[in-house]
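Structural characterization, general
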Amino acid sequence: MARVQLALNVADIDSAIAFYRDLFQTEPHKVREGYANFEVANPPLKLILFENGRGGDLNHIGIEVDTTAEVATQSERLGGLGHDLEVEDGVVCCHAEQDKVWATDPSGLRWEVYAITDDNPSPARQLITPLDEMPLVEGGAAACEANAEVCCT
């Protein structure tokens, strides 16, 4: 099952969790300091929340797929259509190991297609830069380019 991922910046993680719990009638799948994600069944959505003191705007958008083969297929398809891509395999992004490919729309909005390969990597592989210290790039996405071990998904 593929689903759209929506990553939002929030000012206060606890109040955001409470609101989205009520809105989607589901508990968060994962909660860490300054971070939460929801796996919403209806509508199919992966909702990511980043507490960074300045809520109310988009961080980035993505499409979660089931397998790394699907990531590779989308990478080949998009690359074959002439889109510039950034491929990241085996990266640990926000408390999960993933294979992914990034593409940027004409307005500068970054999209990722990704598959989770380990939903609970060892603490040594966890996120090494606090989310609020990550620089932002044009389009509102956290800068994953700077260090493949640091990401924002």
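First, a word on scope: everything that follows refers to the structure included in this document. Keep in mind the model is a prediction, meaning the values are calculated, not measured.

**Looking at the sheet that holds strand β8 (residues 110-118)**
Within the open sheet, the 8 strands sit side by side as β2-β3-β4-β1-β5-β8-β7-β6. Their pairing is mixed. Here the strands that pair on one side only, and so sit at the sheet edges, are β2 (30-32) and β6 (85-92). In this sheet, neighbouring strand axes are inclined to one another by 20 degrees on average, regardless of whether the strands run parallel or antiparallel. On the sheet, helix α1 (residues 13-24) packs against β1 (3-10), β2, β3 (35-40) and β4 (45-51) and is oriented at approximately 160 degrees with respect to β4. The strands touched by helix α2 (residues 68-80) within the sheet are β6, β7 (97-104) and β8, with β8 carrying the most contacts at an inclination of about 155 degrees.

**As for the side chain of R3**
Among the structural elements, R3 can be located in strand β1. Taking relative accessible area as the criterion, R3 reaches 11% and is therefore assigned buried. For R3, the side chain forms a polar contact with the side chain of E39, separated by 3.4 Å. Of the polar contacts made by the side chain of R3, one reaches the side chain of E64; its length is 2.7 Å. Those residues within four positions of R3 in sequence are excluded, and the remaining contacts are E39, P44, L45, K46, G62, I63 and E64.

**With respect to α1**
Structurally, the α-helix is built with 3.6 residues per turn, so residues lying three or four positions apart point the same way. If you check α1, its first and last C-alpha atoms are 16 Å apart, about what 12 residues at 1.5 Å a residue would give, namely 16 Å. All of the buried residues along α1 are I13, A16, I17, Y20 and F24. Angularly, the buried residues of α1 cover 100 degrees about the axis, an arc narrow enough to put them on a single face. Opposite its buried face, α1 presents the exposed residues D14 and D22, each directed more than 90 degrees away. Among the structural elements, β1, β2, β3 and β4 are those in contact with the buried residues of α1. The first or second residue beyond α1 is Q25, which carries a positive phi of 55 degrees.

Scoring rules and cut-offs
- Numbering of residues starts from 1 in each chain and follows the order in which that chain's sequence is written.
- Local features in this predicted model are restricted to residues whose pLDDT is 70 or higher, and side-chain atom pairs enter the listing and the counts only when it is 80 or higher, whereas totals over whole chains, interfaces and linings include all residues.
- Side-chain descriptors were evaluated using all non-hydrogen atoms of the structure, hydrogens and water having been removed beforehand.
- What makes two strands pair is DSSP finding at least two bridges between them.
- Numbering of helices and strands starts at the N terminus; helices are DSSP runs of H or I of at least 4 residues and strands are runs of E of at least 2.
- To get an axis, a line is fitted to the C-alpha atoms, and for a helix only the part in contact is used. The angle between two axes follows their N-to-C directions and goes from 0 to 180 degrees.
- Contacts between residues were defined by any pair of non-hydrogen atoms, one from each residue, lying within 4.5 Å.
- Here the term buried applies to any residue with accessible area under 20% of the maximum for its type, exposed to any over 50%, and partly exposed to those in between, with areas from a 1.4 Å probe on protein chains only.
- The definition of a polar contact used here is a pair of N or O atoms within 3.5 Å, where within protein one atom must be able to donate a hydrogen and the other to accept one, and adjacent residues in sequence count solely through side-chain atom pairs.
- A helix is expected to reach a length of 1.5 Å times the quantity of its residues less one.
- Throughout, the arc means the angular range of directions from the helix axis out to the C-beta atoms.

Structural measurements only, silent on function.
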